[in-house]
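As a plain string of letters, each chain reads:
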Amino acid sequence: MAAALRIQSDWSRALSRDEGEAWLSCRSPGKPTLYGSVTRRGLSSEGVPDIVASEGFVVGEVTKREAQSHLFACLKFKPVHASNAYPKGLGLILCPCENAKFPSVITQQLLGTRMMTMELARSSLFFQRLLEGHVYDVNCCRFFPSGLVVLSGGMDAQLKIWSAEDASCVVTFKGHKGGILDTAIVDRGRNVLSCSRDGTARLWDCGKSACLGIIADCGSPVNGIAVGTADSSLNLGTPEKPPSEREVRTEGKILLLAREDKKLQGVGLQSRQPVFLFVGSDAFNCCTFLSSTYILAGTQDGNIYQLDVRNTNAPIQVIHRSGAPVLSLLPYRDGFVASQGN
């Protein structure tokens with residue numbers, strides 16, 4: 001099965017500057033994620049970008065083509081020690097030009113280190129704001145319940161809160177030792193959560209711009225998180241010490257952790273105590289709540305697990321439509337929406 005390869009960067013910077021850099025990750029079912037980068041060192045005499053890869057990867061071919069208002073650079077590359085585990089892949093870098101027209105049917109768009117928020121009025125673009133401030137790639141972003149504030153996390157290990165009205169960054173949280181991969185908002189948003197490649201999930205106080213504690217330290221990258229109200233019959237544990245008065249409505253909630261080491265973990269948000277640990281078929285990429293009882297989690301090899309948090313010894317069902325990675329899950333009406341890497 002082909003490995004899933006992803007390139008992330010501020011594409012305009014990576015392609016327009018001599019020393020531009022793009023982050024690179026390579027995933028293959030059952031194998032740890034490989035991380036690296038590709039760097040541009042100028043142009044060849046034919047006008048093709050001279051691009052080299054970091055240790056562990058090799059660039060086999062670089063071509064370019066222009067289409068409409070975008071510049072595409074296609075890189076064929078593979079890990080150095082690929083054998084049969086990581087077949088040669090194709091990465092695609094997209095660089096929006098200054099006059100690029102953005103779709104008017106989206107509410108937010110990731111653009112390397114920048115984010116674009118858009119407000120729609122009867123399917124027409126009303127206004128847009130460009131949120132700039134992350135040093136490296138933006139991995140995740142979500143709106144607060146008010147719809148006026150945005151929470152983002154990036155490869156620069158920073159968590160930021162933005163005003164969607166004037167594009168100002170009002171808060172920056174620092175503390176993670178690796179790139180932030182996902183976020184969650186507790187209740188109305190006085191507290192927020194983040195998870196990282198450093199293996200931790202942290203709780204933050206928005207008002208004081210401070211970390212209230214490490215909820216879990218997994219020893220493996222945490223790719224996704226979700227927070228929800230737990231079923232009343234579930235034992236969430238007892239805090240070892242009284243929670244901070246800055247923690248708001250963390251009681252009775254459980255935090256789901258989708259881990260790179262094939263484990264889905266449940267932790268009492270206020271107690272910091274483990275509730276369950278489920279081992280899946282491959283790295284977990286995402287997770288969500290269907291209700292206080294039922295949860296979903298998606299893996300790199302295309303499985304979607306439905307579990308009952310009261311008894312996670314065996315899944316209620318395993319949905320497998322293709323071998324493509326399950327990248328995100330969202331409850332919708334009486335079911336859910338899933339996105340996959342195909």
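So, here's what we can say about the structure. Predicted, not measured: the structure shown is a model, and the values here were computed from it.

**A word on the sheet that holds strand β24 (residues 294–299)**
Strand pairing in a sheet relies on backbone hydrogen bonds. The paired strands run either parallel or antiparallel.
Working step 1: Across the sheet, which stays open at both edges, the four strands sit in the order β23-β24-β25-β26 with antiparallel pairing between neighbours. A single partner strand is all that each edge strand has here, and the edge strands are β23 (284–289) and β26 (317–320). Sheet twist, expressed as the mean angle between neighbouring strand axes with direction ignored, is 20 degrees.
Working step 2: Alignment of strand β25 (residues 303–308) against β26, held across four bridges, turns out to be antiparallel. Bridging from a neighbouring strand, Ile304 pairs with Ile319 of β26.

**A look at a nonpolar patch on the surface**
Working step 1: Taken together, the side chains of Leu290, Tyr294 and Ile316 present a nonpolar region at the surface, about 240 Å² in accessible area.
Working step 2: Assignment of secondary structure puts Ile316 in the loop between β25 and β26.

**Here we look at the pattern of salt bridges**
Working step 1: Tallying each qualifying case throughout the model produces six salt bridges.
Working step 2: Between Arg249 and Asp187 there is a salt bridge whose closest N-O contact spans 3.1 Å. With Arg249 in the loop between β19 (222–229) and β20 (253–259) and Asp187 in the loop between β15 (180–186) and β16 (191–196), this pair connects stretches of sequence that are 62 residues apart.
Working step 3: Residue Asp187 is classed as partly exposed on the basis of its relative accessible area, which comes to 30%.
Working step 4: The shortest N-O distance in the salt bridge between Arg259 and Asp261 comes to 2.7 Å.
Working step 5: Taking the relative accessible area as the measure of exposure, Asp261 reaches 26% and is therefore partly exposed.

**Re the sheet that holds β19**
Working step 1: With respect to topology, four strands assemble into an open sheet ordered β19-β20-β21-β22, the strand pairing being antiparallel. Each edge of the open sheet carries a strand with a single partner, namely β19 and β22 (274–279). Averaged over all pairs of adjacent strands, the angle between strand axes in this sheet comes to 15 degrees, irrespective of strand direction.
Working step 2: In terms of strand pairing, β20 meets strand β21 (residues 263–268) through five bridges, oriented antiparallel. Its bridge partner lying in β21, Leu256 is registered against Gly266.

Here is what the cut-offs are and how they apply
Throughout, residues of each chain are indexed from 1 in the direction in which the sequence is written. Where local features are concerned, this predicted model is filtered to residues with pLDDT of at least 70; where side-chain atom pairs are given and counted, the filter is 80 or more; whole-chain, interface and lining totals use all residues. Each side-chain value is worked out from all heavy atoms of the structure, with water and hydrogens disregarded. A pair of strands counts as paired when DSSP detects no fewer than two bridges linking them. To qualify as a helix, a DSSP run of H or I must reach at least 4 residues; to qualify as a strand, a run of E must reach at least 2; elements of each kind are numbered from the N terminus. Comment: axis = line fitted to C-alpha atoms, over the contacting stretch for helices; angle = value between 0 and 180 degrees taken between N-to-C directions. For patch building, the residue pool is restricted to those with more than 30% relative accessible area and no salt bridge; the joining distance is 9 Å between like charges and 5 Å between nonpolar side chains (Val, Leu, Ile, Met, Phe, Trp, Tyr). Areas reported as accessible are Shrake-Rupley estimates using a 1.4 Å probe. Residue values count occlusion only from the protein chains shown. The salt bridge criterion pairs a side-chain nitrogen of Lys or Arg with a carboxyl oxygen of Asp or Glu, the two atoms within 4 Å. Residue exposure (1.4 Å probe, protein chains only): buried if accessible area is under 20% of the type maximum, exposed if over 50%, otherwise partly exposed.

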